[in-house]
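# Coordinates in review
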Amino acid sequence: MHKIIVVGGVIGAYGAKFLVENNEVTLIEEHKNEEQPVHCAGLISKSGFERLKINPDKFILNKVRGAKFFSQNISFEIRTNETKAYVINRKMFDNELLNSAIDSGVKFINERAIDIQVGENFTVRTKKNEFKAKNLVMATGANYKLHRKLNLMVPKFLNALQYEIFAECESDMVELHLTKDFFAWLIPVRGYTRVGIAGYGNVKEKLDTFIKNLKQHRKVGEILARQAGLIPIYAPKFKTEYKFSDLNLRLAGDAAAQVKATTGGGVVMGCLAARHLADKNYENGWRKEIGNELYLHLMLRKFLNRKSIRYDDMLLLANKHKHIFYSADMDIASKLLKNLTAEFVRHPLMIIDIFKILF
Ligand SMILES: Cc1cc2nc3c(=O)[nH]c(=O)nc-3n(C[C@H](O)[C@H](O)[C@H](O)COP(=O)(O)OP(=O)(O)OC[C@H]3O[C@@H](n4cnc5c(N)ncnc54)[C@H](O)[C@@H]3O)c2cc1C
């Protein structure tokens, strides 16, 4: 039985539940319930919930059965007859995972960790208290202040901004509008839409321009809420486990950049990784389960971000080989690549179209 301190939110709470089976776990998180700022579109795959063994019923706001992709002149859609993803209430989801961790025996401290010292133990200081342990998990999200303080690696990241707004769109289809560095999204909720963008530089300007263009052919109403955040970019060499003599430090979730580089989604991947916090060798454990997938997402992102790429031609090609997308999974990039490889064997001349997209 070890003493373990976990600093962080949803991924920390999910991981803490596994850690507390054999350890004494204290979870330090500064926000709870209403005060918690949301920076998430709340789109989580149905298969992801199944993989995490979480029943989503309590926090589902909407169900989605497909996606529409837009380039400048072309659109392409994958429409199915079944629910592929849920749009969730993130506050309720985070709270549920936190309560579940507390029910499992995790001690919860609703405070901010303002400092961490490395000595005989890790000493985590909050405004009112001090906590000591030889094992520390940082699941502090895309806030890298404590990383910098401890001289840990810090990932590269994209800026993201989202408005909750009334904007016309189909109630059970998400939209992805491809941009040069990432994409803009429309996610239908109930009676309103989450419209956001991620990218480099000034995302406010980019989102406002996107919405201005949207207004030319759709009804768009008042902004109800604004949510901003960072999206860390996965890097295979990013270190997620550190030793300081006999002290052990592990990073999980956005703090470890365990995020799909294709979409910026980090909830499912972060939780899958956090299950390995209880492993003897954390770094090997989580990489074995999702390392390859995160790497493939990164390769796809690099492909999509190539300067010479022509999205119009890419979507035309996707339309021609549409069926390979129906059995794909938004979290498991290898499934799509497997389908693509099989299609390539059937239609080797696809290579000409791929060259057309790239050059
Ligand atoms: C605009 C936007 C849209 C997104 N949409 C999606 C989506 O649709 N689907 C998806 O899967 N992912 C999405 N993501 C990514 C997703 O939000 C993150 O991957 C996920 O929240 C990571 O969880 P986490 O626990 O690592 O970090 P967080 O959810 O950020 O939680 C970290 C928590 O730790 C707390 N904390 C930090 N430092 C301290 C400290 N010093 N002391 C105490 N507490 C501290 C923070 O207050 C926070 O509550 C989106 C991200 C952005 C920015």
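Residues numbered from 1 in each chain as written. Predicted model: local features only at pLDDT ≥ 70, side-chain atom pairs only at ≥ 80, totals over all residues. Heavy atoms only, no water.

In this section: the side chain of Gln162. Tracing the backbone through its elements, the reader meets Gln162 in strand β13 (residues 157–167). A polar contact of 3.1 Å, which involves the side chain of Gln162, links it to the backbone oxygen of Cys40. Within the structure, Gln162 has its side chain in polar contact with the side chain of Gln227 (distance 2.5 Å). Each residue touching Gln162, except ones within four places of it in the same chain, is listed here: Cys40, Ala41, Trp185, Arg194, Val195, Gly196, Leu207, Ala225, Arg226 and Gln227. (Helix = DSSP H or I, 4+ residues; strand = E, 2+ residues; numbered from the N terminus. Polar contact = N/O pair within 3.5 Å; in protein donor to acceptor, adjacent residues only side chain to side chain. Contact = heavy atoms within 4.5 Å.)

As a further point, take the sheet that holds strand β15 (residues 183–188). Pairing is mixed in the open sheet, where seven strands are placed in the order β6-β5-β14-β15-β16-β13-β17. The open sheet has two free edges, formed respectively by β6 (75–79) and β17 (220–232), since each of these has just one partner strand. Strand-to-strand twist across the sheet, computed as the mean angle between neighbouring axes with direction ignored, equals 15°. Bridge count between strand β5 (residues 66–70) and strand β14 (residues 173–178): five bridges; the pairing is parallel. Across the sheet, the residue bridging to Gly66 is Met173, located in β14. Most of the contacts of helix α5 (residues 203–215) go to β13, to which it runs at about 35°, and overall it touches β13, β14, β15, β16 (193–199) and β17. (Pairing = 2+ DSSP bridges. Axes fitted to C-alpha atoms, helices over the stretch in contact; angles between N-to-C directions.)

Two elements in contact, helix α1 (residues 10–19) and helix α6 (residues 267–274), have axes separated by 8 Å at closest approach and are oriented at 30°. The orientation of α1 with respect to α6, classified from their angle, is roughly parallel. With respect to the hand of their crossing, α1 and α6 are arranged in right-handed fashion. Note on element contacts: α6 touches α1 through Val267, Gly270, Cys271 and Ala274, opposite Ile11, Tyr14 and Gly15. Classifying every residue of the contact of α1 with α6 by side-chain character gives five nonpolar, two polar and no charged. (Parallel < 35°, antiparallel > 145°, perpendicular 65-115°, else oblique. Left-handed = near helix turned anticlockwise from the far one by under 90°. Nonpolar A, V, L, I, M, F, W, Y, C, P; charged D, E, K, R; others polar.)

Burial of nonpolar side chains together is a common tendency in soluble globular proteins. Ranked by size, the top nonpolar core spans 43 residues in total, and within it Val6, Val25, Phe49, Ile54 and Phe93 carry the most contacts. Among the elements that line this core, the one with the most residues is α6, at seven residues. Once you skip the residues sitting within four places of it in the chain, Phe93 turns out to touch Val10, Phe49, Ile54, Phe59, Ile88 and Val267. One finds Leu178, Phe182, Leu304 and Leu315 within the second-largest nonpolar core, a separate group that totals 33 residues. (Core = buried A, V, L, I, M, F, W, Y, C linked by side-chain atoms within 4.5 Å. Buried < 20%, exposed > 50% of the residue type's maximum accessible area, 1.4 Å probe, protein only.)

Moving on to the side chain of Ser45. Within the secondary structure, Ser45 is located in strand β3 (residues 43–45). Residue Ser45 is classed as buried on the basis of its relative accessible area of 2%. There is a polar contact of 2.8 Å between the side chain of Ser45 and the backbone nitrogen of Gly48. If sequence neighbours within four positions are ignored, Ser45 has contacts with Lys84, Ala85, Val268, Met330 and Asp331.

Right, let's get into the environment of Lys338. Tracing the chain through its elements places Lys338 in helix α10 (residues 333–346). Once the C-alpha coordinates of Lys338 and Arg148 are considered, the two residues, 190 residues apart in sequence, prove to be 39 Å apart.

Bringing the domain arrangement of the chain into the picture now. It is common to give the size of an interface as the accessible area that goes away when the parts come together. The domain boundaries assigned to the chain delineate domain 1 (3–62 + 87–155 + 235–301), domain 2 (157–232) and domain 3 (307–358). Each of domain 1 and domain 2 has a C-alpha centre, and the two are 27 Å apart. Summing both partners gives a buried area of about 1600 Å² for domain 1 against domain 2, and 60% of it is carried by carbon and sulfur. Looking only at domain 1, the three residues that lose the most surface to domain 2 are Ala41, Leu61 and Asn62, adding up to 28% of its buried area. The interface formed by domain 1 and domain 2 contains zero salt bridges. At the junction of domain 1 with domain 2, the criterion picks out eight residue pairs in polar contact (both at pLDDT 80 or more). (Domains from an automatic or database assignment. Buried area = accessible area lost by both parts, 1.4 Å probe. Salt bridge = Lys/Arg side-chain N within 4 Å of Asp/Glu carboxyl O.)

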